[in-house]
Amino acid sequence: MVYCYAIGCNHRTAGANSCSLFRFPAADREVNSHDRTCSCHFVQGEWTNNFCVQQNFQELKKNIRELENELRALKMQKSGFSINGILNETGKSGLTVSCFTIEDQLLMTLMKLRLNCKDLDRTVWFNTSSGTVSNIINTFICVLHEILFEGVLQSVGIPSQLKCKGSMPKSFKNFSSARIAIDATEIIQDVPSDMNSQALSYSNYKSRHTVKAVTCVAPNASLVYCSDLYPGSTSDSAIVKHCKVLDQLQPGDMILADKGFNIFDKLLSMVSLKIPPFLSSKGHFTKKEAELCLKIGRSRIHVERANERIKNYDIFNHIPSQYRHLSNKIYQLC
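In short, a report on the structure. (Residues numbered from 1 in each chain as written. Predicted model: local features only at pLDDT ≥ 70, side-chain atom pairs only at ≥ 80, totals over all residues. Heavy atoms only, no water.)

We now examine the overall build of the protein. When helices and strands are tallied, the protein shows 10 helices and 9 strands. Considering the protein as a whole, with its 334 residues, one finds that 37% of them fall into the buried category. Look at the contacts in the protein between residues 6 or more apart in sequence, and 52% of them connect residues 24 or more apart. (Helix = DSSP H or I, 4+ residues; strand = E, 2+ residues; numbered from the N terminus. Buried < 20%, exposed > 50% of the residue type's maximum accessible area, 1.4 Å probe, protein only. Contact = heavy atoms within 4.5 Å.)

Counting across every chain of the model gives 8 salt bridges. Between D183 and R300 there is a salt bridge whose closest N-O contact spans 3.4 Å. One end of the pair, D183, is in strand β3 (residues 178-188); the other, R300, is in helix α9 (residues 287-311), with 117 residues separating them in the sequence. R300 sits in the buried class, given a relative accessible area of 7%. The network of salt bridges with common partners includes D183, D258, R300 and E304. (Salt bridge = Lys/Arg side-chain N within 4 Å of Asp/Glu carboxyl O.)

Overall, the coordinates contain 2 aromatic pairs when judged by the stated rule. Between the aromatic rings of F100 and F126, the centroid separation amounts to 6.0 Å while the plane-to-plane angle is 80 degrees, which identifies the pairing as edge-to-face. Taken as a pair, F100 in the loop between α2 (83-87) and α3 (102-115) and F126 in the loop between α4 (119-125) and α5 (130-156) lie far apart in primary sequence, 26 residues in all. Looking at F126, the relative accessible area reads 18%, which means it is buried. Between F316 and Y331, the ring centres sit 5.9 Å apart and the planes meet at 70 degrees, which makes this aromatic pair edge-to-face. With a gap of 15 residues between them, F316 in the loop between α9 and α10 (327-333) and Y331 in helix α10 connect regions that are remote in the sequence. Residue F316 is classed as buried on the basis of its relative accessible area, which comes to 5%. On the basis of relative accessible area, Y331 is assigned to the buried category, the value being 2%. (Phe/Tyr/Trp six-rings, centres within 6.5 Å; stacked < 30°, edge-to-face > 60°.)

Another point: the nonpolar core. Within the largest apolar cluster, 30 residues are counted, with the highest numbers of intra-cluster contacts made by L113, F316, I330 and Y331. Elements represented by at least two residues in this core include exactly α3, α5, β5 (208-217) and α10. The element that contributes the greatest number of residues to this core is α5, accounting for 9 residues. When neighbours within four sequence positions are excluded, I330 is seen to be in contact with L113, I141, I315, F316 and Y323. C164, L246, L267 and L273 belong to the second-largest nonpolar core, a separate cluster that totals 24 residues. (Core = buried A, V, L, I, M, F, W, Y, C linked by side-chain atoms within 4.5 Å.)

Looking now at a nonpolar patch on the surface. A surface patch of nonpolar side chains, amounting to about 340 Å² of accessible area, comprises I147, L148, V152 and V156. When you line up the elements, V156 lands in helix α5. On the accessibility criterion, V156 (62% relative accessible area) is exposed. (Patch = residues over 30% accessible without salt bridge, like charges linked within 9 Å, V, L, I, M, F, W, Y side chains within 5 Å. Areas by Shrake-Rupley, 256 points an atom, 1.4 Å probe, with all protein chains shown as cover.)

Running from N to C, α3 and α5 point in directions that differ by 85 degrees, and their axes come no closer than 9 Å. In terms of axis orientation, α3 runs roughly perpendicular to α5. Judged by residue contacts, I102, Q105, L106, M108, T109, K112 and L113 of α3 engage V133, I136, I137, F140, I141 and L144 from α5. Across the contact of α3 with α5, the residue classes tally to 10 nonpolar, 2 polar and 1 charged. (Axes fitted to C-alpha atoms, helices over the stretch in contact; angles between N-to-C directions. Parallel < 35°, antiparallel > 145°, perpendicular 65-115°, else oblique. Nonpolar A, V, L, I, M, F, W, Y, C, P; charged D, E, K, R; others polar.)

Structure follows, in structure tokens:
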């Protein structure tokens, strides 16, 4: 007794469901002399109409090859993060969250940045798993960083001196050519496990293990530049040299900074730097030097306030280990 080899078909040469069987090669293996296909799989049950079946089979193989090539190309393609990408359920991680709206996922991310709520708390509040919470936060941090930092702050850059003069406050009347006020800020981190990393991240100023970044504000107090995070032992001048923020300045611009930014040798031609005078071996400042310190400090207060606004995000009190690889993006996003 011979059965039809087609999947799901139990027709045979004898019995109630008996029908004619024809020799026909199987699609999932090499041609076998024992392969048989019942007449139910041919048009009108006639062997002479098997050309339709063979033609469909060849078209199917062609479609499979095209889909495999398309899938291979999609895997190699690098797609960027965007709000439209999230709405269309696309992204680098391939994450698809159907149980939360975009607004809820954004709220979850902002709660982590602003309040540094534990993932376990949000699993209870949103009735979901900790893995889903972590994936949502990772995805939205990358998305918001690309949209807000790379798409706005980094692409616009430092405003020109003409634009700065159009919105310059009275505290800058003594520094009319000032384009930026620059300062460094440090964020406390856990003690690294590697001994070399411990030596690099230890800050003598904070007496703790920290990471450091440089920020710049325009005279109107708007944040216009934010560098990557560096180990806490890195000097301010070394960070300025490495991040190449000075390359965005033009002749005639002025920089306001504190005493730690002794970068006169790194300035471009015709770019000036105003820092408070050093006391050195003198017992006290002269009246002119004291007035200069007051004027520089009154103008630089804007960059200090910008750093304070960044540190108001509670996530910088302690960045969890599962988000430490996103420290740069978190800092630049906040």
